[in-house]
Amino acid sequence: MENRLHFYNTLTRREELFVPNVDGKVSMYTCGPTVYHYAHIGNLRSYIMQDLLVKTLLYLGYDVKRVMNITDVGHLASDADTGEDKMIAGAKREHKTVMEIARFYTEAFFHDFARLNLRTPDVVEPATNCIEAFIHVIGKLMEEGYAYESGGNIYFDTAKLQDYYVLSNQSEKDLMVGVREDVSEDGNKRNKSDFVLWFTKSKFEDQELKWDSPWGVGYPGWHIECSCISMKHLGERLDIHCGGVDNIFPHHTNEIAQSEAYLGHKWCNYWFHVHHLTDRSGKMSKSKGDFLTLSLLESKGYDPRVYRMFCLQSHYRKPLEFSYEVLDNMGAAYDKLVKRIAALKQEGEVDQEMFAAYRERFQTALCDDLNSAMAFTVLYDMLKEDVSDATKYALAEDFDRVLSLDLTTAGLEDGAENHVDAELEAYVLEQIEERKAAKKEKDFAKADAIRARLLEKGIVLEDTREGVKWKKA
Ligand code: AMP
Ligand code: ZN
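Residues numbered from 1 in each chain as written. Chains lettered and ligands numbered in written order. Predicted model: local features only at pLDDT ≥ 70, side-chain atom pairs only at ≥ 80, totals over all residues. Heavy atoms only, no water.

Go over the sheet that holds strand S14 (residues 320–321), please, and point to the residues and values.
The three strands are arranged S13-S12-S14 in an open sheet whose pairing can be described as mixed. Edge positions in the open sheet fall to strand S13 (282–283) and S14, since each of these has one partner strand only. The pairing of strand S12 (residues 277–279) with S13 spans two bridges and is antiparallel. The residue bridging threonine 278 from the neighbouring strand is lysine 283, located in S13. (Pairing = 2+ DSSP bridges. Helix = DSSP H or I, 4+ residues; strand = E, 2+ residues; numbered from the N terminus.)

Here it is as structure tokens:
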């Protein structure tokens, strides 16, 4: 049976079969980073799990167009439009201009992307490129009575909507729990949940980046950026919108409100949210001061692919607690895995039936709400299977299109060769033990099969008085 992707849709609050608007094509939008500082490994968890989604879609044969914004203006310390402007705070901290900060941290972000084998989105658009588009959409919202001016700012009037909380479906009090610091009140709003579309002189006189608009010189709010950038590149009907769970409210809730008010119809069908990375003190966040970056992990000797594997081993909808201890274990598991694959001989035929059967199992795991832990089980089962090395190698290469762990090449990188021998030795000793057990149970056919299998790999067994010895043929 053909595998079809199911995943949890925050909008309908259940796992659903994924059906794109256009057969075979997927439009996907991702909230990108606010480039005022390095991404922490929590942010990167979110992008790793979205990469799993993109690569699963590609693996299943979809043609995917993915767009990501870069927030280089308009994001305040609190997601509810209060507090300091993050970009200005970053520029002050480093005695640089906002654009210098933006450039530096955008580069750092994509450096992390590359180190984690994350596929770069097809379009990456900084918010400052799209000011005209924001003004156009805000203008229409004003015309149609969805937005109002107050205290110099333009706000979206959430009372104009029937179901502002369609995505989050909770009380406002509950929703504020996940929101970042500094939730102070803005007296200009008509309703508590209203949000800023355009800031003018009421805020930050020292704002470096500002543009002329029908409502005065100012700059856009954070939420409007994502709606406009998505519509600009992906049109009026979006298949999948991604982010971390903290984005559900208010950010994604506001995106739906303004996009659907502007379009006059439903905008996005599937909302995909990744749960948080935590440490012992709770959700990892930049506002806490010390935060873990990928470079820091690298400076401590951790391979970024080990962090990727750590994330993939757990389900995207569960919180994941980070600890060095678990990462150490994952490092050992990764080394063992890639060395085992490096020890495979690429000789012989690929067993097509077995290849198809394992591919099917791998797809089934992914199609079940991206069960990546199960996908690893399929990989390990496959490596234990009684089938030619060529088949195993071909499957490892195939699975790596989604897992992106350099499964067939990492074990051959510098310094890995000695380990390959150690790995081979461990494998042979394990096989010798198994053969001994088979003989004890008088299962001579199995014992002979093990001897033959080792011979195929160039290993000769000798039964001596001191026990079984082995050598390379
Ligand atoms: P930011 O650069 O702060 O806008 O965040 C970028 C992305 O990382 C957003 O999609 C957030 O939802 C996500 N995010 C923030 N903190 C975490 C965390 N601790 N774990 C996982 N994802 C996170
Ligand atoms: Zn966004």
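Further notes follow.
Break down the coordination of the zinc ion (ligand 2) for me, with residues and values.
The zinc ion (ligand 2) binds to the protein through Cys31 (SG), Cys226 (SG) and His251 (NE2), with metal-donor distances spanning 2.0 to 2.2 Å. The sequence motif formed by the donor residues of the zinc ion (ligand 2) is C-x194-C-x24-H. With cysteine 31 in the loop between strand S3 (25–30) and helix H1 (41–59) and histidine 251 in helix H7 (residues 248–263), the pair connects residues that are 220 residues apart, well separated along the chain. Each member of the pair, cysteine 31 as well as histidine 251, is classed as buried. (Donors = N, O, S within 2.8 Å, 3.2 Å for Na, K, Ca; no water. Buried < 20%, exposed > 50% of the residue type's maximum accessible area, 1.4 Å probe, protein only.)

Any chance you could break down the pairing of S3 for me, citing the residues and the numbers?
Here S3 lies mainly inside the structure; five of its six residues are buried. As paired elements, S3 and strand S4 (residues 63–70) share six bridges and run parallel to each other. Bridging from a neighbouring strand, methionine 28 pairs with arginine 66 of S4. You can see the chain leave S3, run along H1 and come back into S4, and the turn it takes is right-handed. (Right-handed = clockwise from strand over helix to strand, strands pointing away.)

Give a detailed account of the packing of aromatic side chains, specifying residues and quantitative values.
A ring pair, where both rings are aromatic, is described by two values, the distance of the centres and the angle of the planes. For the coordinates displayed, the defined rule picks out 28 aromatic pairs. An angle of 35° between the planes, with centres 5.8 Å apart, marks the rings of phenylalanine 7 and phenylalanine 18 as tilted. In this pair, phenylalanine 7 is assigned in strand S1 (residues 6–9) and phenylalanine 18 in the loop between strand S2 (14–17) and S3, connecting sequence segments eleven residues apart. As far as burial versus exposure is concerned, phenylalanine 7 and phenylalanine 18 are alike and both buried. The ring centre of tyrosine 262 lies 4.7 Å from the NZ or CZ of lysine 140, which sits over that ring. (Phe/Tyr/Trp six-rings, centres within 6.5 Å; stacked < 30°, edge-to-face > 60°. Lys NZ or Arg CZ within 6 Å of the ring centre and 35° of its normal.)

Describe the packing of H1 against helix H11 (residues 352–367), with residues and values.
For the pair H1 and H11, interaxial distance at closest approach is 11 Å and the crossing angle is 135°. As far as their axial angle goes, H11 and H1 are oblique. Crossing angle aside, the handedness with which H1 passes H11 is left-handed. In this structure, H1 contributes Leu52, Thr56 and Tyr59 to the contact, and H11 contributes Arg359, Phe362, Gln363 and Leu366. For the contact of H1 with H11, the class distribution of residues is four nonpolar, two polar and one charged. (Axes fitted to C-alpha atoms, helices over the stretch in contact; angles between N-to-C directions. Parallel < 35°, antiparallel > 145°, perpendicular 65-115°, else oblique. Left-handed = near helix turned anticlockwise from the far one by under 90°. Contact = heavy atoms within 4.5 Å. Nonpolar A, V, L, I, M, F, W, Y, C, P; charged D, E, K, R; others polar.)

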